[in-house]
Structures are given as C-alpha cells and as structure tokens.
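Okay, here's what each chain looks like letter by letter:
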There are 2 protein chains.
Amino acid sequence: MSNVKYVYTFGGKTAEGKADMKNLLGGKGANLAEMCLLGLPVPAGLTITTECCTAYYANNCQLPDTLMADVWKAMENVEKIMGRKYDDPENPLLVSCRSGARTSMPGMMDTVLNIGLSSKTIPGLIKKTGNERFVYDSYRRLIMMYADVVMEKAEGIAPVDGKGIRKILDDMLDEYKEKKGYKSDTDIKANELLELANAFKATIKEKLGVEFPDDAKAQMEGGIKAVFKSWNGQKAISYRRIEGIPDDWGTAVNVQAMVFGNMGEGSATGVAFTRNPATGENQFYGEWLINAQGEDVVAGIRTPNPLNDETKNEQNKHLHSMQELMPETYKELCDIRAILEDSYRDMLDIEFTIQEGQLFMLQCRVGKRTGIAAMNMALDMLHEGRIDDKEVVMRVSPAQMDELLHPILEAAEEKKHTVIAKGLPAGPGGAVGVIALDSEASKAYTAKKIKNVLVREETNPEDVEGMRSADGILTARGGMTSHAALVARGWGKCCIVGCDAVKIDMNARTVTIDGKVFKEGDVLSLNGAKGYVYGEALKMIDSSENPRFQEFISIVAKYQGMGVRTNADTPEDAQNAINFGAEGIGLFRIEHMFYGKNGATPLDILRNMILSSNDNERHAALKELEPHIKEAAKETLKVLDGKPLTFRLMDPPLHEFVPQTEEKQRAKAAERGITFEEIKKRIDALHEVNPMMGLRGARLGIVYPEISEIQFRALFTATAELMKEGFDPHLEIMVPLTIDVKELKHQKAIADKVQAEVEAQFGLKINYLYGTMIEIPRATLMADEIAEVAQFFSFGTNDLTQMTLGFSRDDVNEIIHSYVDQKILAADPFKTLDQAGVGQLVQAGVQRGRFVNPKLKVGVCGEHGGDPASVEFFYKTGMTYVSCSPFRVPVARLAAAQSAIKAQKQEGCCCNCNK
Amino acid sequence: MSNVKYVYTFGGKTAEGKADMKNLLGGKGANLAEMCLLGLPVPAGLTITTECCTAYYANNCQLPDTLMADVWKAMENVEKIMGRKYDDPENPLLVSCRSGARTSMPGMMDTVLNIGLSSKTIPGLIKKTGNERFVYDSYRRLIMMYADVVMEKAEGIAPVDGKGIRKILDDMLDEYKEKKGYKSDTDIKANELLELANAFKATIKEKLGVEFPDDAKAQMEGGIKAVFKSWNGQKAISYRRIEGIPDDWGTAVNVQAMVFGNMGEGSATGVAFTRNPATGENQFYGEWLINAQGEDVVAGIRTPNPLNDETKNEQNKHLHSMQELMPETYKELCDIRAILEDSYRDMLDIEFTIQEGQLFMLQCRVGKRTGIAAMNMALDMLHEGRIDDKEVVMRVSPAQMDELLHPILEAAEEKKHTVIAKGLPAGPGGAVGVIALDSEASKAYTAKKIKNVLVREETNPEDVEGMRSADGILTARGGMTSHAALVARGWGKCCIVGCDAVKIDMNARTVTIDGKVFKEGDVLSLNGAKGYVYGEALKMIDSSENPRFQEFISIVAKYQGMGVRTNADTPEDAQNAINFGAEGIGLFRIEHMFYGKNGATPLDILRNMILSSNDNERHAALKELEPHIKEAAKETLKVLDGKPLTFRLMDPPLHEFVPQTEEKQRAKAAERGITFEEIKKRIDALHEVNPMMGLRGARLGIVYPEISEIQFRALFTATAELMKEGFDPHLEIMVPLTIDVKELKHQKAIADKVQAEVEAQFGLKINYLYGTMIEIPRATLMADEIAEVAQFFSFGTNDLTQMTLGFSRDDVNEIIHSYVDQKILAADPFKTLDQAGVGQLVQAGVQRGRFVNPKLKVGVCGEHGGDPASVEFFYKTGMTYVSCSPFRVPVARLAAAQSAIKAQKQEGCCCNCNK
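Residues numbered from 1 in each chain as written. Chains lettered and ligands numbered in written order. Predicted model: local features only at pLDDT ≥ 70, side-chain atom pairs only at ≥ 80, totals over all residues. Heavy atoms only, no water.

A.B. asks: When you look at the pattern of salt bridges in this model, what are you seeing that I'm missing?
C.D. replies: Between side chains of opposite charge, a pair can form as their charged atoms come close. Residue and element names in this part refer to chain A. Under the definition given, this model contains 140 salt bridges over all chains. Taking the shortest distance from any N to any O, the salt bridge between Lys668 and Glu671 comes out at 3.5 Å. You can see Lys668 and its partner Glu671 sitting in helix H25 (residues 662-672), three residues apart, about one turn around the helix. Overlapping salt bridges, with partners in common, bring together Lys623, Glu626, Glu709, Arg713, Lys753 and Glu757 in one network. (Salt bridge = Lys/Arg side-chain N within 4 Å of Asp/Glu carboxyl O. Helix = DSSP H or I, 4+ residues; strand = E, 2+ residues; numbered from the N terminus.)

Here it is in structure tokens:
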C-alpha cells in the first residue's frame, strides 16, 4: 500500500492540479487543470503523475499496486461530470490515454484513443449516438492503435514476419479501399468498417498470437502502461538526448473523456497558435478539419482547412475556414484565446474538438516558435503590458539568438527539397551558391558578384582567401575542430565539414554526390545549422539588422551584468564584434597573419624562423617579423580605440607551419641554400609525440626569449605610435600555457626592459596590463601565486578541458559520442563546460586569484565563452567577462543577461557586484 | 646601525656558538665553537654569520655598516688568547678567511690564508719566528691567493689577456723553478721567495691595473668580502643545484688565527676520518704532510704520508706515518678522535695542523661516506651503544641504499680512466662487458658466460631478449622514458641511453666513439648512475647480499609505517621484489607478454585484434588471447601466494604494437588474406595526434567491452584454478585512466556478470578488490564519487604529472632542463613529485576518497613511488603503500621508514595510523 497520491482529477471548471504543477502532472496535465480552473470547456479526466512513472520503472515496469483502484475511483468523478459511465452497456464513456512530460516532446510518445469500446459497450454507444458508422470507425481506430502501441510496442509482442502490426493493418485498410474504389477513409460504410474491424482482430490473433482484449478495464490498464513504456521508446530517448532532457523525469498519463470530432459535419477538430509562431505577428493562426479526429490533422492525410482569413495561403485558400463555416464557435474560440493569453501572458499552442457543435479544449501549452517570432512576440507583449523587461530577455533562448543573426534557408523550402548529403554542421546559417573548387575560382565568382560555395576535400591555411570570399564552405573530410570548421565558426560563415558523400574530381572539376555529377558552377544550397546539402537553389531569408533587434538587444544590455568580449584577429572581425556589442578583444592571435598568404610574407618569415639552424638565423627572421607584428597589432588597436585588446603571445603549432609537400620543401631548401636532406632533418626535429603538451606557449618564450622580446617591442611600438597619432590604445598582453608564476616573472623581465627602451625612444609612458592564460590544470592550482604578478587571468577552457579530462580534441570525438550515448558524460565537454570536473578548477583558479588580488580581472576565452550553459556557470563563478567569436557575441550577451536575471530572482541583484 | 649580532667569537676553551647553531654559523663555525667547548686546542677566531651574508647580498654586495667595527672588536679577543696582535709590527697575528655554509660544500667556495702580511708586519714576523723562508713563503702564497680570490674573482678585475691571474702567477712560479732547476717548492730559498713575491706584485699591477694591498686592514675586509662573493660563484651555484641546497642560505665566514704546518720539520698538517669512510671500519684513517700548509694536502702536489699503520697502502707504505714520527702528538690526536666521536656520536672528518710540535684542530665535521660505510658505521655505533635504532635508519640516505644493491664501477678506478662518451643515466649500477650489437650476439655471449653490453641505435620490443641477457645496455638515441630506459630501470639493469657520440655500423659490425673504432667483442665499461662510458674494462665492486644488510633492513622494517609494493609483470620480477621486502604487486601490466616474442604468440594475436576490421575478427582474436592472459596472471599470482596482485586492465599503446616495417606489414596482410593497402589503412586509422590523450585505458573497455570481458574471465578463472589447487590468490583489479565513477560502474557490470559465470563454473566464491588508477586530473576532482565504487585508488603519478603540467614526457625533456636551470621548476617533476601542483591534486584525491570511504586503500604506482622525497610526501598524505620497481623496493622502504621517524619526532607516532 502506498500513501502517495498518484491520481489528480480535473473537469467541471475545477481541478486538483494547476499550471505550476508541471513537474508532477506533466505539461499537458497541468494545463488541462489550469484550463478547467479558468472555466474553459474541457472534457473531464484524470492525470497519473510523473512520480508514478518513476515508480513504474523502479518497480521493474509494474504499476504500483494501488494505482488502478485510484484510477477507478477518479473515473467516478469523470463519469459524474460527463454523465456517462465507463464500460457501461447503455451509456458508455470512452477515454483517451495520452502522455505528458514536464516539457513538450511532441509525437515522441504514444497515445491510445477510443479506449472502452468492446462488444459490451458498442451496442449501447450506437444506440446512444445513433451513428453506427462513427462507432465502427472509432472501433477500427482503437484496434489499430492498441495493437501497435499497447500490444506490440509496450507488451513486446512482435509479428512473426518482422513487419510492424501497424503497417500490416494500414496495408489491409489501403487494399480494402482500393478494392472498393474508395478515395478516402470517410467513403467506407458502417458495415464495411465492422467487417474491417473483425478482419483486423483476426489478423492480430494470427500475427501476434493473442486476442485484441474485448474488455474495457483491460484496455484502460493496457493504455496506461503503454504510455509509461513509451517514455523509454527509442524515439523518446533520442529526443531527450538531443534536447538534454533528463531520463529520470518520467511522463504523466492523462486519461480523459473522449469527445469526437468525427461525429459528422457538425463535428471537427483543430490546432491553433494564439499568435503566428513563424513571425510572431499577433494573428490567430491555425488549421482544422471537419468530421475528423485529432490524429488526422497531425498525420497530414488530408490537407487541413485554414482556421481563419489570416491563416489562408496559396495551398489552402480554396478551403473553407472555421471563421466562415462556424462563426459562432469561432467567436467562442477567439474568446478562449484571449482568456488564455491573459492568463499565461504568452503565445499558446492549443488543440480543440467540436462535437456536434459543442467546443471542447483538449490541450494548451506555451507554443514553440522561431527566434524571430520569439523576439517579436516578447517585444509586443512588453508593449501590451503583459510582461516586463526581464521577461523579454528570458523569452528568447540563446540558441534562437544565433538564428536572428544569420541568413538561413527558409524552413518551408527545405521541406520541399531532398537532402542529397549530410555532413557535420560546422558553421551557422545557410548558403546558396555555385560550386567553386578552389580559392581562385571562388574569388573569380565573388569578383563577378556570383554567390558561391567553396567545395574542398579539406581546407588548409592556403585556402583561407577562398574561404573568405565564398558564401559557404563544404568539405568532404574533417571534424568539428578541423581547420575549415574553426575558421568558419570564427567568421560566422555557413560551413559543412566531414561530408563523406562528396567526391571531388579536380581533373574533371566535378563533384559527385550520391551518384549525381555536379560541374563547377552548378548550384548547391547548404543548411549549416543541420549539415544538410541540397542540389538546387533554395530560398534564403535574411533576419539581420532590424529595429526590433536593436530594441531587443538594448533591453538585454540593461541586464547583462558581465562583460562580453570577442576572439578576433583582424580589424574587420573586431569591427563586426563591436557592432554586436563586444566590449573589446579577449583573445587576439597574431598567428592569423601567417594564414592565407604566400611569398615573402609573415608565413615565409615564420618558416625561416622555425627552420633556422642557429641563433643568428633565428634572430634575423625574428627581426624581420617584428614590423609585421607591429602593423597587425596596430591596425586592430586603432579600430578598438579605447577598448582593450588582449594579445596572446605567439603560440603557433610549429610543425603545422613548415612546408608540407616535398616540392615546397625542396623550394624552401633551394631558397635557403641548404640541401633537401637538411631541411627534412630540421622539419623532423620539430616532430612531437604529443604536440599538445610540447614546446608551446610560455615555454617557447622561455627557451627562446628573443621570440617574446620582438613581440613586446612590436606591441609597445604600436602603442606608442598610436598614442602619438592621438589614439587611445588599451593593450593587454597575456602569456599562454603558464604553469608557474616564475614563467610570468621571466617574461615580465623581458617586457620591462623593452618597455623602458620604447618609452625612452618615444618619450612617453606606456600603460598596459600584463596577464596570463589559465589553461593548464597546474595554473589553476597555483593561481594565488600567479595572481601576484598577473593583472588578469583569461581561462583557456579548451586546453583546460583537454588536460583535465585527458581528452585530445583531435582524437576523442568518437569516444565522446560513445560516452555521451552511454551517459558517462552529460554532454560534450568541449561544447558545454564540464562543470563537475573542469568547473572545480575554474572556480578554484578564480577564488585563489581573487584572494590574493581582489581586483583581478578574470575572463574566459575558450569556445565555452559562446555557450549559454557555460556562460551561466562563468557568471556564477564571478568572471569579469567572457570572450567568444564575433557572431557569438550577442548569444553570450543574452546568456549573460539571463544568468543575471536568474540570479537576481534568487538573490536580489543581477550584476556581478557580489552583493 | 644594526642591532643584529653578526660576529661570534671562539677560542680558549670557550665560544659564543655551539654545534647546533649551524644555520647561523655554518657547519665549520659551529663545529669550531663546539671543539672549543669540548676543550680541544683550536686557534682562536671569529665567525661572521650566514645572516650577514644574506644582508650583504640584499644590500647590493656591501657589508653591513657596523660589521668591520664588530670584527675588530672580536679580534681583540683573538689577540688576547693568541698573545699576538693583528697588524702589529712587533708580534703580528695572521689570520685565515674561510667559508662555511650550513652544509658542507667542499672546495666550492674560496679561502684566503696568511692575511695580515704586509711591509709593516713582515719584519716583525721574521724576527719573532726567526724563519725568513717561512715568512716569505707565506707571503707569496698570500699574494697568489689574494690576487685570484679577492682581486680577480670578488672584485671582478680580470687580466686584459683573458688568462686568469692565478694561472699567470702559477706559470711564473713554474718557470722560476725550471730556471733554477728546482723540483719542489720547498727547494726555493728565502731570498728567492722574496724576489718572486715582488715579481708577483709587479705582474698584478701590470695585468690587473691595481696594486696588491700592502695594508692588513684592507686585506681583512677584502678576504671577508671574497668569501661572501664566492657563495655565488659558478662552481658553488652548480653544486647547490645538484645537491638541492637553497640559494638563500648563504655562507658564514670564519676568521681564524693562522697556525703554520710549514714552519719546518717539527710542523705538519693533515686530514683524517675518525673511521674508514669507504668501508665504515672502526679505524682512524688519514693523511698528513710535514712542513706544509693545508692546501698542499688537498691539492695533491705531494703524495701525502699515511697517518698510521691502518692507513698504509701500496702507494704510500714507504712513507712515514705520524704514528711513527710523532707518536706523542699522534696519541693526542687519537684522544681527540675519541672525544669527538663521544660527543658527536658519528664519524667525523677532521683537519689539524702541528706548529712546531703543537697540535691545533682546524676543522671537524660529520664525514661523507659511501653507502656501505654508512650502513656499517650505523650498525657499529648501534652496537657500541652510541645511537639507537631510529638513528641507524636515518644514517643511510635512500640514494646510498641504491648503491648497496647494485654492483658498481669502483670510484677510484673511474678516476684513472677517461670518459669517452656521456649519455643519460637510465639504469643503475655499473657494467663491464664486450660489445654485442644485437640480441643474438648478446645471447651467444651470455651462453658462453661472457659478460656483454648490448649496444643499439635504440631498442624496441623485439630487442627485449638481448636486453635481458646483456649485463648492460647502451643506446645512441632515446630519452629517460625510452623503451630501453623503462625496461632497464624496471629490471635494475645498468643502462645508458641517448649517447649521441655512439655511431653504429651494423654492416661492419663496429661502434665508433669519439673517433675510436670498437669492434663487436671489444670491451666497454658503463657507469649507469652517471651515464659515463669507458673504453676499457674497469674494476667492479659488488656490495649485494650480506648479513649486515639483512640486519639493517630488518631495523628499517620496524619503522616502515607504510607498505611498499612493486611494479612487476613476471613471476621472476615478483620474486625479486619479495626478496627485497615487497608486500605485493602494486602494478601488474599484462602488456609485458606482448614484448619480446614473435610468431603465433600473444603479440601476434594482439596485432590481429588491433587490426581487426569488424567485431567478429576482434572477438575471435580476443578469445584466442584470453588463455594467455589467464596463464600470465596465474603464474605470478602463484608466486605471490597470499600477497596481493594489482592487475591493471590492458592499456596498450595500440599504434606501437602494429607491425612497423613495410615488409612485416606485407607479411601480416598476406597472413590475414587482405591487401597491403587495406592493412596500411587500418594502421593509419590508429594514428592519433596526441596518443597520450586518445583511445586508452578505461575508454578502450567502454568502446570495446569485450576487451574487458575476456580479461575479467581470464583473471577470475586464474583465481578459481589456483584456489582449487590450494593457493591463496589475492587479486586486485584496477581500471586505468578513469575520469568518472560511471566508467567504473560500466566496467563493474561486466565484471559482475563474468564473476557469476566463473563462480558457477567452478562452484566457489571469488573475492577480489575492484579499484582504479587515479591518473587524470579530473579523477582527483571526482574522487569522492569514484570512491563510492572503487575499493582502492592507485595514483598513477606519471600521467597525472603529464596532464597537470601539460608536459608530454616524450617531448619536454629539454624544456624541463631549461626550466630547472632557470629555477622555474625546483626539480624534474617526473623524478620528484611536483608537490606544489600535482601534490595538491594527490592530496585532494586521497582526502575526498577517504571522506566517502574511510577504509579506502590508497597507493601510488607511478615512478615517484621509488623517489625518496616523493615517498615522504606520500607518507604524509596518508598513502597505504607506494609501489615501485623491484630494485627500488629497499629504497622506498628506507624512505618510508625515515619519513615515519621524522613524523614521529614531530608528532609522536611513526606509523600511518593517524594518531
């Protein structure tokens, strides 16, 4: 015996539950209760709690002993309100069994309708309704659903020949219609439906080996179990994985009196949104079908009618709207819409049924919407006085923010076209353009203003100009951290990588995808958010700069509570990020200037430096490099004028920068006047077994102090020149890969010397901040000592994650997938910070640093700086700022504002002032 | 004005200092004071404190203002006792200025003797002593030393031509003797010495540009400064670096009245040890020289005479001993020896001078000794009742323990031979043998009982048989973690790696070292502790098993206070370690069975497993592997009977185990019936960018659960079979590379299933412990959760160090050297645990684990388990045991015992019982 209350009733303008009991009753159950409390017409029913689902699974998939007794007791209330009785031969009540989790999981779990029909109740129902056809139609629907959902899926009785029972019965129905020459289900006559029902039952017995239960009580228990069981169906599990819904939440079951939209021309069923979910416009938006049950609208068997004038479009304008055919009931529905919006202060997604002219509400929930719609509705509701500023901020998810910034393929268009290949979604938005097979081709197209997509086996630094010029990038190889992916994400450029299906023939200059040959110049469309490739030109929508976005972001700014900077390496990226509200650069990588250019340029000088065989050669190369560094820093500092630029001392992957092909190596050898063998030897000497943990970062400047020296000189000179020119440079220099304060002291001594020299040369004082990246576990442990020298910390959470977990990003992609699938890790730790592990080190680093230096500036410049869940953690940790790629700046700002508002709700103040 | 007391006087059987004031007065100063207090004849003097040295450096190399005033005041006391006056024209007192740090740094700092001789004092001293020759000899010595130590080194006045002034003056002396036909310094006559002194002074003026100071007071100040300055001389810094002496300790200065061993045939000087420092025998052991100053004995210009009969040997038996020539004074010295040993309860190293028949003690300190001597003396003194058990344990350093276990090259022999090449000291002890260039050659020699050294470019798993059979290993390439180094250390075999000078010609079967060609079969000698190679056969000494060692180790065992296990992979190694007192195996790597064997053996099966293209192939290979694993585990468990064996689940470096040469790859392809291209592809697919952080450890068993399954089955079957056979197997299984408790649960589920099956099969219950390695930073952070499932932790401090510091062992050797040289790191973190950083994680891991499970067994199986300093840290951290290679077991036991005794001194209990 259990004392737990597992069953809650609703109906007759009252209910045991209410809207804020979603965790216990599920979203559907809580909202049904709420609608009852609001006085809306809701068929009575009962909700079995999510706790019962948990108990069911804890108890080896058995219902709690007391449950069915409680259900039958609650059914007495339902029967009283509905004026019918379950399993009654005279006036039988039918019910539906529907799932309802805390959060909507549309279509992911199972439903059984028309439960309660049996040889005992059918005659009474026919008599009562006078509609034999309706009853037999309901009966054959029950049989089809029940056999599929309860018998096969929940009870695990599979047909012997491997074909699903639903498919077998569907085929029988289709064959029957064909035999009779019927076009639609509605053409089938009553006696024919009975005949079909009997045939179904025989087939079930034959294929599954057991009888369809001719017992209303057994049907009820089967239905409830089936809904619980479907919580762990394959679809539901996958959906939860994607949406990050915990497995232990469980689902509620709603048992509700059936009302019928399929009782003739005076009956109907429909779904609607209280506002347009695609655009956010304040229009009632929906579809309906006469003489149909709910599943017909969703299933897409019949084209649904428009609800009203606003909902009419090219496809459905010839069909009658509810506004036209049932103006009274439509009016009633409009009133309900107003009541619901007043109560919920949000856009709702509703389901209704009209049974012989009488309107019933079957469901309401906060409606899903596009990013654009989310923003527009939130602003409208602000102006309507329904919600306040903070609520506006909370109404747009950071993921939707991304959508607001990039042109994308129109969703409706995508549905009409076939995906010809799938790859990894590496860069945001969409792109439509002709195929360009190399940088030259892309640049030529772009010069002629022809939109183009760069298609490559994989990209390398020499492709960068083409990547810049193309509208989208598609590669056959590479992962989410490949060169193409990193560059594209940084630029906010649409990009798909690792698309195996793409075969490139550079001789023929063709691309073959799924057997189809595309010539260079043929058009492709990419959905970078999903990794889909289309073989035609699809329509794009551009949702960038508009006054409403400006209004929205200005509200976000009010609550931001933590700075957002950008990771940018060029004046253009810096300007982009400033336009998006970045407060400065949190990570400037001078290595950028080594990409994409050839000849007597920085890359070539760097190669000379790397391949030098003695100090003199290295010094000469470095001397040559210095003015390039100065110019690069100066250009960007000029754009930032007054805003900080955080310069990371060079940390180039040495072995990647050497000439890769034998041809180029021979050329370099010839140029330098040494043998090919000699150059090979020097390149081989750069090989490291685990380059991630080799000669990098601070180590480079300690082993070769002159590498640091020329950088300091370049930076101080750039600063001094800009000051002379009337600019306001805010330079911050950070040492990467630090493990000990002594490294910082070592490098600082060099900086001090150079600073004094440059100050003397220019006759002025240079102010700058000296800090470090915290990206090795030891640095977090020694943060107190480090903060005695560092004026700021910038957490490099990418490397910190690699070393804390022992995960090489280049190698463990598959392992991470396996770990996430097997629930060993909650999420990919390179996307969302591993708060349990890495988070401890981040917190320790911040606390220890601030303990020694309470004014220490602390930021994050790993890719986690653009991940909303991570941003919330960083906010709580007391970071001064996060830094992310320019296109993630608004996302991070929104995440920061939401974090602050959430914290304020709990604590009283939304800025990171530690009050 | 300073209130600090910088000057302490001694002399006349009293002193301001005493023996336990070494930190302030330095070792020499404290011991001089102590000897005065013991009533021994010590020339009076004063000691300037180490604090003054610190003040000198803090004050930019200036003496404190008040110092010289304090010195002159203290000198009044000296003058009174000695009955002479400094800088007095009638009866002048001369002094020496000597360094004296807290710990002995023999010969590393500078000394000036005969200070106080000037044109003002020389005539008086001649008159007083009536020994003109003695005075001028002392004068020329002063000039030579002063010019070198004070003028050139301390004051930085270098000769213009770059040659040191000392060398210039030495050359002048030699030329003078040659010109005169003199053999010895003592042949030079008084007037000739004056002539030389004047020539020296002129040369100093010419070369250094300044005059030698003809002023006793200036000489005194110059001498004091020079000693302080020499604390930061190059030699002293290097020595401190090697010995781990902190730079900020500083040195004291001892200003002491000169007594003269060079006043004629009744004068002498000598050094002695109160016992034999090489063997520990209770014999007075020393050397002396008549008519000489101390430096003559040390400098080796004259062969010193034996002190007594015991000290006579082949080289010096023709020379007269002090016992023979000065029996009275010898008797006096013997009495002093007894007084000192009674007081110090240790062997002492003393210096004395006899001035015209009168004995003076100039120095006493605890004497350096070999490991054998340390042990023998400690046991003798125990039996003599001088020291107790605990003191015996403390008297042998863990580094000396190593020496007690390995045969080594005799030190005296090494001095006589030239080092022809230097490499990295990778394996302990010494080896003498003929060159063998491959495994076959080595095995052939060994079969004929010819000692041999395997010389290879570098070794790989296929060389293992030769490595086993050879007496020593020498490789041209590879670092301290190369295959050869790891294998050799594990076996305690003499090994030198990375010896660049070695050039091997396998065609000619010769080895060229430094231009000299050695044929296979020619002899080499190796000093594995220093990395020295000799081109001849040197004498070896074997200090292994003897009853005294057994006595010593049994005393160590009484205080051990923490378990010591071994890292062993074979029954032989396990037995070795047990003989050395190991309590079990802390790390058993089944990978051992893949090394060194070819054909249809485990290695071959493993290759098939690694190169399998699908699940079936992999399963088949694993099935074949299972009995091999079972046999390997069983053999070793049998040897351990009753002692635990900690089995690490397989963690093979996959890419290393594939066939490396194209020939072998083709053979493998042919054997498996696939193309060469296919096998190449599979091998390439195993390539990882950072293999250290890729598909390893627990990950392997999670991605391929069947790999774990067959291991569990093999282990449980071995256990069950042994139980049936009457053995007592104690199995402990550990999962490597864990980052989360969920990994342990995942693997445990497999283990549980297999355990039940094996138990059913054999009809018995299997007890074993299930635990994990803690070797990734995240594991230390999640240790509380992990301890809910793990019954023991074994810290893998090698990998933990790699990831906490971001140091790939394979790549950062040079960087670490650079970091240690530049004092960024205190020591190589792979040799001695980085307590400041990695130590925090180890502590956190132990504390969190024990918080959840107070009985949690916690051990260490990284190489730090054999490092004394690290062992002390592990003891303090509360580890249950450390595990190290068999030959390190006694070292670790001693370190553990010493740690416990130290802790007991501070706290009251020496076992790790947390009292």
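From this point on, the discussion continues.
A.B. asks: Where do I start with unusual backbone geometry in this structure?
C.D. replies: Excluding glycine, residues mostly have negative phi values, and the peptide bonds linking residues are mostly trans. In this structure, Asn114 of chain A is a non-glycine residue whose phi angle is positive, near 65°. The residue Asn114 of chain A is located in strand E7 (residues 112-115) in this model. The phi torsion at Arg509 of chain B lies on the positive side, around 50°, for a residue other than glycine. Mapped onto the elements, Arg509 of chain B comes out in the loop between strand E21 (502-505) and strand E22 (510-513). Classification of Arg509 of chain B by relative accessible area gives partly exposed; the value is 28%. (Buried < 20%, exposed > 50% of the residue type's maximum accessible area, 1.4 Å probe, protein only.)

A.B. asks: What exactly am I supposed to notice about the relation of the copies chain A and chain B here?
C.D. replies: There are two copies of the chain, and a rotation about an axis plus a shift along that axis relates them. For these two chains of identical sequence, chain A goes onto chain B by a turn of 180° and a shift of 0.5 Å along the axis, with RMSD 0.4 Å. Both copies of the chain, as the preceding transformation shows, are related through a two-fold rotation axis. Across chain A, the smallest distance between a C-alpha and the rotation axis is recorded for Asn690 of chain A, namely 2.1 Å. A share of 100% of interface residues in chain A that are also interface residues in chain B marks the association as one of identical surfaces. (Least-squares fit on C-alpha atoms with pLDDT ≥ 70 in both. Contact = heavy atoms within 4.5 Å.)

A.B. asks: Explain the interface of chain A and chain B to me, please; I cannot follow it from the model alone.
C.D. replies: Quite often, the size of an interface is put as the accessible area lost when its parts meet. Contacts between the two partners involve 45 residues from chain A, matched on the other side by 45 residues from chain B. Interface area for chain A against chain B, summed over the two sides, is near 3,800 Å², with a carbon-plus-sulfur share of 60%. Scanning the region where chain A abuts chain B turns up two salt bridges. Put simply, Arg778 of chain B and Asp834 of chain A hold a salt bridge, and the shortest N to O gap is 2.6 Å. At the boundary of chain A and chain B, one finds 26 residue pairs in polar contact (both at pLDDT 80 or more). Counting only elements with at least two residues in the side of chain A that touches chain B, the list comes to helix H27 (697-703), helix H29 (741-762), helix H30 (777-781), helix H32 (797-805), helix H33 (813-821) and helix H34 (838-852) of chain A. Here the side of chain A that touches chain B is built from residues that sort into 23 nonpolar, eleven polar and eleven charged. (Buried area = accessible area lost by both parts, 1.4 Å probe. Polar contact = N/O pair within 3.5 Å; in protein donor to acceptor, adjacent residues only side chain to side chain. Nonpolar A, V, L, I, M, F, W, Y, C, P; charged D, E, K, R; others polar.)

A.B. asks: What's the story with the side chain of Asn114 of chain A in this structure? I'm lost.
C.D. replies: The buried category is assigned to Asn114 of chain A, whose relative accessible area is 0%. When near neighbours in sequence (up to four residues on either side) are disregarded, Asn114 of chain A contacts Leu94, Val95, Ser138, Arg141, Leu142, Met258, Phe260 and Gln293 of chain A.

A.B. asks: What am I meant to see in the sheet that holds strand E25 (residues 532-534) of chain A here?
C.D. replies: Think of a sheet as strands paired side by side through backbone hydrogen bonds, with each pair either parallel or antiparallel. All names here are of chain A. Judged by pairing direction, the sheet is mixed, and its eight strands sit side by side in the order E15-E25-E24-E17-E18-E19-E20-E16 without closing on themselves. In this open sheet, the two edge strands, each paired with only one partner strand, are strand E15 (419-422) and strand E16 (424-427). Averaged over all adjacent pairs, the angle separating strand axes in this sheet is 30°, with direction ignored. Two strands pair when backbone bridges link them, and strand E18 (residues 452-456) and strand E19 (residues 472-475) are joined in this way by four bridges, in the parallel orientation. Residue Leu454 lies in a different strand from E19, and its bridge partner there is Ile473. (Pairing = 2+ DSSP bridges. Axes fitted to C-alpha atoms, helices over the stretch in contact; angles between N-to-C directions.)

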